[in-house]
Every structure is written in structure tokens, then in C-alpha cells.
Amino acid sequence: MCGIVGVVSNAPVNQLLYDALLLLQHRGQDAAGIVTLLERKFFMHKAKGMVRDVFRTRNMRALPGNVGLGQVRYPTAGNAYSEEEAQPFYVNAPFGIVLVHNGNLTNAHALRSELFSTDHRHTNTESDSEVLLNVLAHELERASRGVPLNPAEVFAAVKNMHKRLRGSYAVVSLIAGHGLLAFRDPYGIRPLCMGRNADGTVMVASESVALEGSGHVFERNIAPGEAVFIDLQGNVHSMQCAEAPTLNPCIFEFVYLARPDSVLDGISVYQARLNLGETLAKRVVSTVPPNQIDVIIPIPESSRPSATQLAHLLGVPYREGFVKNRYVGRTFIMPGQGVRKKSVRQKLNVIASEFKGRNVLLVDDSIVRGTTSREIVQMARDAGARKVYLASAAPPVRYPNVYGIDMPTKDELVAHDRTIEQIRELIGCDALIYQDVDAMKRAIGSLNPKLDGFDASCFDGVYVTGDIDTEAISRMNGNRPRIEETEEDSSRLALPNHSE
């Protein structure tokens, strides 16, 4: 899972890209990178770490130019520890191309072989984004052979890419001497939008918050299968490049990943989470009578809108019972589950007075591994709670995600092959209430009737691209980022949620 941004302006873009990446930092904390274009030369700086740590004054001064792109990364394939796999990626022919990618190619293994044997191109990392870049380079070379590179040739290349690629991809790319290209997979799984400011600068980004927070006005979403080419003068060209596009955004974006102040594909993330709280209320009432709940407490932070709406509808007091420490770093030389357990205690502290002697309903946005939930339930008991109920604004996560979220393998998912009662016993709460899958889809889908559906594969096991089977999942799990035993598992889904 990543956050990407691209800018074409008539003024230097380095600071603008930096500001946009800060607004997208919640989408990836592993690595960050920026490339700018001055005349026909690229200037790049990328490294592991947060945006504020990767880019110092000297780095920013070394990024001249009025066109550029950037990415914040959380790895979902390849090697999480390799500096080489930080994006953007670069290839020198044709023209010189750099690229950032949010998503995950489900046929990267086959494409890598095809690139070598048929296209005669070499990839040097395990990253599917490098595969994607080389497919783009090959198709641009084919489309522009013997003719100048115009938008028509660029769109022809993207059309051919859609025929070869499988999976999810939102992409921003720079073509030296020509302009910026942005496109989205034919299912619209990962988000991408565009906007402008008063000076005519055009920006494309993963979320609307990156536009608005950097002084741009949201213009529109890039449609599934659509390609947008912005030349160096700021002229915008666009074309639908897929044969049968459908809009099936990842529902986990609304549940957890995106910032609440973003609007994705016409849906307010904040309103989506309020709606989830409303439908969750019906599930809670059928399991625990409201008069047996003294207080409703969210597990920070993505669950707050759902918990607020739930408390309002049940007529139960809403309280903040956990305080989050935003400044905790990694814990080193602490192997295995002990690290994760300690990290929860470091990142969250209880306000004991909100728990003591009360029946508490904790609300989380989702439950993935269950290790964090179990520790938080125990923290509530240690603080004096009489009974601890747990409600999830999302349904049970029973299946792996293959479209660009660092989701554990099915054997690591607490809900896989377990009943709700078995999960409850494992987590240690007095009652466990999950959202219903169909209710979740209705609650969020009602906010944009033009959607064709959702990718909700981690909840319902239905993979919208139609090319996923047990063998494919096993192969992709083999390419998941490796977490060394001496490293804390810093996956966003292994820790208490922290989208801002």
C-alpha cells in the first residue's frame, strides 16, 4: 500500500511534492522518494524512512524542475529492507521514464518471465513496480516506433498495458521531455484523482486530501482504465484505454486505509465510517442490550466516527479511554509476538477512570490478526472494567488481500476457519460483534450509486479481477515482504490503527 503524487507546474515543484507526501504519509511509512524533471534530466532522492527524515534541506535543493512525482511506500511485495526497492523506479529507454505505483500486480511472476524472454528487458529487484515500469517502457517503445511521441501514442501504450497487466495499479509516470502520465487499472481498485490550483498547476494524487491540503481544488477522479497525459505546458489530455472498465474500489480504503477527510470515488470516507457505525448498531443491539453497556470507547483512530454514531444511536455515553503516543519508534532486538505485545502497550495507554467498574464496549475499525485486540481487551480488564465487549465496524477478515494491502496469509488471520465464538474466546472479550458483509457494502455503496461494486475480497473471498486461485495466492504470499525475527512487525494491520 502506497501514496503517490505527480505535479506539472510553471514553478519549482519540490516543496509541493514534499507537502503532498506529508499529507499521504498514512499510506506508507517504510520509504519515500521524489523525482523532478528539469529539461530532459531527472533528479531523484529516495530512501527508507518517513518523509520528514528522508528529505533534508540539501536533498530538496538538489531537486530542481517544474515537473515531478513522489511516493510514500509500505511494501506489499519484494524485500522490505532493500533501499533499491524504494520508489520511484527509473529506466533510461525509451526517452527516460520514472514511475511510482500503488497496488499489486497479480501476474508479476509471469510478466517477469515474459519481459526477459520476449521483450528482452531485465528487472533487477523483486518489486512488481519495476515489472510494471518495464512493461510501460516496452509498450511506449512499440507505440512510438518511427513517429514522434504524442498523446495518441501514449494512450495506445496504456491500452496494450491493460491487456497484459492483472491486479491493481494506480500509476504516475514521467516521460523525459514529454510530460506526466497517470492511469488506473480497469477495476479502479486503488484510488487516483486530480485537481488544479489558481496558478494552473495540475496535480494527481492517491487521495483528495493531498490536493486540498496543498492548495489545489479537487477536479475529478481518474476513471477506471482511464489514462491522463499532462504535457510540459500543463495541457491535459485523457482517454479511456480499457475495453470494459468497471468501478470496484477497495472497500478497505473506506474502512481503514484512507484519511477521514478524503473523498474517494465520490464517497466521503468520514461519512462512510459514520454509516458503518449506524449499521453496526443493529448488530450490537441483537447481541448485547444497550442497558448492559455503560460506555462506548473507540480504539484510536479510524474507528472514532463509527463509535460516535454507534453511541448516539444506542444512547450510551461515548468516551475516550485510550491515549495514543504518536512518537514511539521501532522496538529492536525483541523477537516474535513479544515485540508486538510490547509495542501495543507503548503506543496506547488507558485512562483507568473510564474503565473502572464499568461494562465497556470497545469499537475497532477491523480485526485482522487478533493479537492487538487481545492485548487491548486485557488492558481494559487491567484498568478495572467489569465486562469488556468488542465490536468491529468491519466484517471478519477471512481471506488474504492480493491487491496492494499488506494483509497476512490466511493462517495468520484470526477469523480464518474460526467461528465468531472461537474468535471471541481467543481474544478474551465477553461478547464479540462483527459488521455484516452485505450491510457494510450497502452502508458505503449508498453514498455513490454509480459504483459497480467493491473489491471486498478480504471479507467475502471474491477477487474482482477473476484471476485469483489458491495457487496464485500461495505464490504471492511467497513474495510478501520478509519481517526478520529481530524486527518489530510494523505492518499497519499489525498495530492499533493510526490513519489520521
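Everything below is about the structure printed above this text.
Residues numbered from 1 in each chain as written. Predicted model: local features only at pLDDT ≥ 70, side-chain atom pairs only at ≥ 80, totals over all residues. Heavy atoms only, no water.

### Description of the pattern of salt bridges
Any two side chains of opposite charge can pair, given that their charged atoms come close. On inspection of all chains with the given rule, the structure shows 25 salt bridges. Salt-bridge contacts for Glu-139 lead to Arg-142; the nearest nitrogen and oxygen are separated by 3.0 Å. On the criterion of helical spacing, the pair formed by Glu-139 and Arg-142 is a turn pair, its members being 3 residues apart in helix H5 (residues 128-144). For Glu-139, a relative accessible area of 1% puts it in the buried group. Assessed through its relative accessible area of 45%, Arg-142 is described here as partly exposed. (Salt bridge = Lys/Arg side-chain N within 4 Å of Asp/Glu carboxyl O. Helix = DSSP H or I, 4+ residues; strand = E, 2+ residues; numbered from the N terminus. Buried < 20%, exposed > 50% of the residue type's maximum accessible area, 1.4 Å probe, protein only.)

### A look at the sheet that holds strand E13 (residues 236-240)
Read across the sheet, 6 strands follow the order E5-E6-E7-E8-E12-E13 without closing on themselves; strand pairing throughout is antiparallel. Strand pairing shows two members of the sheet lacking a second neighbour, strand E5 (89-91) and E13, which therefore form its edges. Neighbour to neighbour, the strand axes of the sheet diverge by 20 degrees on average, direction disregarded. (Pairing = 2+ DSSP bridges. Axes fitted to C-alpha atoms, helices over the stretch in contact; angles between N-to-C directions.)

### Side note on unusual backbone geometry
In this structure, Pro-94 follows Ala-93 across a cis peptide bond, with omega equal to -5 degrees. Here Pro-94 shows up in the loop between E5 and strand E6 (97-105). The omega torsion of the bond from Pro-300 to Glu-301 falls at 5 degrees, within 30 degrees of zero and hence cis. With respect to the helices, strands and loops of the structure, Glu-301 is situated in the loop between strand E16 (295-298) and helix H10 (304-314). Non-glycine residue Phe-95 carries a positive phi angle of around 70 degrees. Turning to its location among the elements, Phe-95 is positioned in the loop between E5 and E6.

### Remarks on the sheet that holds strand E9 (residues 193-196)
Taking strand neighbours across the sheet as the criterion, the 7 strands line up as E3-E2-E4-E1-E10-E9-E11 in an open arrangement whose pairing is antiparallel. Two strands in the sheet have a free side with no partner beyond their single neighbour: strand E3 (41-48) and strand E11 (217-221). Averaged over all neighbouring strand pairs, the angle between strand axes comes to 15 degrees, with direction disregarded. Both strand E2 (residues 31-38) and E3 contribute to a ladder of 8 bridges, which runs antiparallel. Of the residues in E3, the one forming a bridge with Ile-34 is His-45.

### Some words on H5
Over its 17 residues, H5 extends 24 Å from the first C-alpha to the last, a length consistent with the 24 Å expected when each residue adds 1.5 Å. Burial analysis of H5 places 14 of its 17 residues in the buried class, which makes it a mostly covered element. A positive phi of about 85 degrees marks Gly-146, the residue just after H5. (Expected span 1.5 Å × (residues − 1).)

### Concerning the nonpolar core
Core analysis: the biggest nonpolar cluster contains 55 residues, and Phe-252, Ile-296 and Leu-361 have the highest contact counts within it. It is helix H9 (residues 269-285) that provides the largest number of residues to this core, a total of 6 residues. Among the nonpolar cores identified, the runner-up in size contains 30 residues, and Leu-115, Leu-132, Leu-133 and Ile-175 belong to it. (Core = buried A, V, L, I, M, F, W, Y, C linked by side-chain atoms within 4.5 Å.)

### Topic: the pairing of strand E10 (residues 202-205)
Residue alternation in E10 divides its side chains into two sets, Val-202 and Val-204 and Met-203 and Ala-205, and both sets are buried. For strand E1 (residues 2-8) and E10, the ladder comprises 4 bridges, and the chain directions are antiparallel. Among the inter-strand pairings, Gly-6 is bridged to a residue of E10, identified as Val-204. Sheet topology places E9 next to E10; 4 bridges connect them, and they run antiparallel. Bridged to Gly-195 within E10 is Met-203.

### Description of the environment of Leu-21
Turning to its location among the elements, Leu-21 is positioned in helix H1 (residues 14-23). By relative accessible area, which is 0% here, Leu-21 ends up buried. The spatial distance from the C-alpha of Leu-21 to the C-alpha of Leu-181 is 18 Å, given a sequence separation of 160 residues.

### Looking at the packing of aromatic side chains
The final tally for this structure, using the stated rule, is 8 aromatic pairs. Relative to Tyr-256, the ring of Phe-252 lies with its centre 5.9 Å away and its plane at 50 degrees, an arrangement referred to as tilted. Of the two residues, Phe-252 and Tyr-256 are both situated in helix H8 (residues 252-257); the distance of 4 residues between them amounts to about one turn of the helix. Note on Phe-252: relative accessible area 0%, which makes it buried. Ring geometry for Tyr-403 and Tyr-463: centres 6.2 Å apart, planes at 65 degrees, overall edge-to-face. With Tyr-403 in the loop between strand E20 (387-392) and helix H13 (420-427) and Tyr-463 in the loop between helix H15 (457-460) and helix H16 (470-477), the pair connects residues that are 60 residues apart, well separated along the chain. Of the two residues, Tyr-403 and Tyr-463, neither departs from the other in class, the shared state being buried. Three or more aromatic residues joined by ring pairs make a cluster, and in this case those are Phe-252, Tyr-256 and Phe-459. One Lys or Arg, Lys-46, reaches over the ring of Phe-89 and ends 5.1 Å from the middle of that ring. (Phe/Tyr/Trp six-rings, centres within 6.5 Å; stacked < 30°, edge-to-face > 60°. Lys NZ or Arg CZ within 6 Å of the ring centre and 35° of its normal.)

### Digging into the packing of H9 against H10
Between H9 and H10, whose axes approach to 7 Å, the crossing angle comes to 45 degrees. Between H9 and H10, the angle is such that the two are oblique. Between H9 and H10 the crossing geometry is right-handed. Here H9 contributes Tyr-270, Arg-273, Leu-274, Leu-276, Gly-277, Glu-278, Leu-280, Ala-281, Val-284 and Val-285 to the contact with H10, which in turn contributes Pro-305, Ser-306, Gln-309, Leu-310, Leu-313 and Leu-314. (Parallel < 35°, antiparallel > 145°, perpendicular 65-115°, else oblique. Left-handed = near helix turned anticlockwise from the far one by under 90°. Contact = heavy atoms within 4.5 Å.)

### Things to note about helix H14 (residues 437-445)
Taken together, the buried positions of H14 are occupied by Ala-439, Met-440, Ala-443, Ile-444 and Gly-445. Looking at the buried side of H14, the elements it contacts are H8, strand E15 (267-268), H9 and H15. Between the side-chain oxygen of the N-cap and the backbone nitrogen of Asp-438 there are 3.2 Å, and the N-cap of H14 in question is Asp-436. (Polar contact = N/O pair within 3.5 Å; in protein donor to acceptor, adjacent residues only side chain to side chain.)

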